[in-house]
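Overview (structure and organization)
If you want the building blocks of each chain, they are given just below.
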Amino acid sequence: MVPHLVTALTGPLLDLEEKIIAATPAIERWFRLEWQEHTPPFYCSVDLRNAGYKLAPVDTNLFPGGFHHLATEMLPLSVQAAMAAIDKYCPDARNLLMIPESHNRHPTYLENVARLMQIFRQTGLHVRLGTLNPEITQPTPLALPDGNMLVVEPLERSPNGRRLGLKDFDPCTILLNNDLSAGIPDILQNIHEQSLLPPLHAGWALRRKSNHFTAYDEVAKKFGKLIGVDPWMVNPFHAKCGEVDLQSGEGQDCLAGNVDAVLAKIRKKYKEYGIKEKPFVIVKPDAGTYGKGIISIRDAAELKDLSPAQREKMSVVKDGKAVTDLNIQEGVPTFESIKESVAEPVVYMIDRYVVGGFYRVHAERGVDQNLYGPGSQYVPLAFAQQHAIPDLKAKPGTAAPNRFYVYGVVARLALLAASLEMERTDPNPEVY
């Protein structure tokens, strides 16, 4: 299904859709060549925003936690992609150790873990769960909403200290579904004989969004040149401020200056394309996830008027980590809605393959706000509609497969940027 688009089905987005569909052979060949040079992340989800005049990724998550939101029809595609991914790292794999979030026992997150286990079991692997939670010292059952159980077990290092597993379970591959916001524990350090996926520097203990945005700039420029569009159509402007303390006011001048600069660049583009919207920026932590510490700003003067509660919210993210580096990102409003609730597409990938997605929907948020948080609902995307085979004869904006194919193309641009980002930030590039 294509959601109801509040914007008229004309204008730049349809022009972009038309150009992407027309350039499908060139785009797919370009991606194939890029994947010969670069290794895609093991798995990834990308939040997109469709503004009617541009379609851009606004967040790229290397530890996706919503596999249970994908349509069940997409399972065969996920299993196939997972097989391809595992083959790269351990062709004769028999055992897979999965490490989920340590303290997240929310039923919906556990459903995600269960779905991932289902996918990898269908590839022919034995899958068990290990936990970084030091309080768990024996196999511990966790209840799923459907009445089934997951069992998490304490991790163990091998006698030689070079391998990680569970009691009587020696895996070839270790899959992290824990974003390491709290830091990298010792038990995950110096694992030399197994594939740890994603690598440790993909976790928020080390990863920085600004590195991703910089890599994405390069990818968007190449893509714009390939199909003959302004890269801005798929890329939000961005800037970064370090050493910011909103509680004390330190670094606020840097923040205000960058907000003004990004807003000025957006206004110039809006004028060029005749866009009547009032521009805004999203200020978010340079590290972190779960939609924490994010605010929308339309004027730098608003920074002075932030309430103590807003400053507190911006200063701490998941696991109580203090925020000192902030990103200023062009706000891309979403003009997609489902039953009058604001919606944004989220695309899921395993290896280099799109395996599905969903709309994140929030009835109480505006078109310029972050939709992640309490009250979010999820509607599966119909990627089963031959997402990789667009209808070249359909008029722009009329074919669901075409719209989803375009989503998949832009999401894969972010996937490629994540690949470049991981290569460039790898502390041990020789073993990448």
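What you see is a predicted model; the values in this text were computed from it and never measured.

1. Considerations on the pattern of salt bridges
Overall, the coordinates contain 17 salt bridges when judged by the stated rule. Salt-bridge contacts for R163 lead to D170; the nearest nitrogen and oxygen are separated by 3.0 Å. Judged by its relative accessible area of 19%, R163 falls in the buried class. On the basis of relative accessible area, D170 is assigned to the partly exposed category, the value being 44%. Between K269 and E272 there is a salt bridge whose closest N-O contact spans 3.5 Å. Of the two residues, K269 and E272 are both situated in helix α6 (residues 252-273); the distance of three residues between them amounts to about one turn of the helix.

2. Remarks on the nonpolar core
Soluble globular proteins tend to bury their nonpolar side chains together. With 88 residues, the main nonpolar core has I20, I27, I99, F223, V259, V281 and V283 as its most contacted residues. Broken down by element, the residue count for this core peaks at 15 residues, all from helix α8 (residues 400-425).

3. Section: the sheet that holds strand β10 (residues 173-177)
In spatial order, the strands read β6-β7-β5-β4-β10-β11; together these six strands make up an open sheet with mixed pairing. On the outer flanks of this sheet lie β6 (140-143) and β11 (195-197), each paired with one strand and no other. Each adjacent strand pair in this sheet contributes to an overall mean axis angle of 35°, direction not counted. Packed on one face of the sheet, helix α4 (residues 107-121) meets β4 (95-100), β5 (126-131), β6, β7 (149-154) and β10 and runs near 165° to β4.

4. Observations regarding the state of the cysteines
Two cysteines whose sulfur atoms are joined by a covalent bond form what is called a disulfide. Scanning the entire structure with this criterion turns up two disulfides. The partner cysteine of C90 in its disulfide is C172, sulfur to sulfur 1.5 Å. The sign of the 125° torsion about the S-S bond sets the C90-C172 disulfide as right-handed. One end of the pair, C90, is in the loop between α3 (75-89) and β4; the other, C172, is in the loop between β9 (164-165) and β10, and 82 residues separate them in sequence. Each sulfur in the disulfide pair C241 and C254 lies 2.2 Å from the other. Between C241 and C254 the disulfide shows an S-S torsion of about -105°. By sign, it is left-handed. Of this pair, C241 sits in strand β12 (residues 238-241) while C254 sits in helix α6, and the two are 13 residues apart along the sequence. Overall, the relative accessible area of 0% leaves C241 in the buried class. The exposure class of C254 is partly exposed, given its relative accessible area of 34%. Sequence-ordered numbering of the bonded cysteines in the protein yields a pairing of 1-2, 3-4.

5. Details of the environment of F63
Within the secondary structure, F63 sits in the loop between β3 (55-61) and α3. For F63, a relative accessible area of 6% corresponds to the buried category. Expressed as a C-alpha distance, the spacing of F63 and P100, which sit 37 residues apart in the sequence, is 9.6 Å. Every residue in contact with F63, bar those within four places of it in the chain, is listed here: Y43, L176, N177, N178, D179, P198, A202 and G203.

6. Focus: a negative patch on the surface
Where like charges cluster on the molecular surface, the negative patch consists of D260, D299, E302 and D305. As for its placement among the helices and strands, D260 is situated in helix α6.

7. Topic: the environment of L175
With respect to the element layout, L175 can be found in strand β10. Classification of L175 as buried rests on a relative accessible area of 1%. Spatially, the C-alpha atom of L175 lies 6.1 Å from that of L97, the residues being 78 residues apart in sequence.

So, how was this worked out
- Residues numbered from 1 in each chain as written.
- Predicted model: local features only at pLDDT ≥ 70, side-chain atom pairs only at ≥ 80, totals over all residues.
- Heavy atoms only, no water.
- Salt bridge = Lys/Arg side-chain N within 4 Å of Asp/Glu carboxyl O.
- Buried < 20%, exposed > 50% of the residue type's maximum accessible area, 1.4 Å probe, protein only.
- Helix = DSSP H or I, 4+ residues; strand = E, 2+ residues; numbered from the N terminus.
- Core = buried A, V, L, I, M, F, W, Y, C linked by side-chain atoms within 4.5 Å.
- Pairing = 2+ DSSP bridges.
- Axes fitted to C-alpha atoms, helices over the stretch in contact; angles between N-to-C directions.
- Contact = heavy atoms within 4.5 Å.
- Disulfide = S-S within 2.5 Å.
- Patch = residues over 30% accessible without salt bridge, like charges linked within 9 Å, V, L, I, M, F, W, Y side chains within 5 Å.
- Areas by Shrake-Rupley, 256 points an atom, 1.4 Å probe, with all protein chains shown as cover.
- Lys, Arg positive; Asp, Glu negative; His and termini not counted.
- Charge placed at Lys NZ, Arg CZ, Asp CG, Glu CD.

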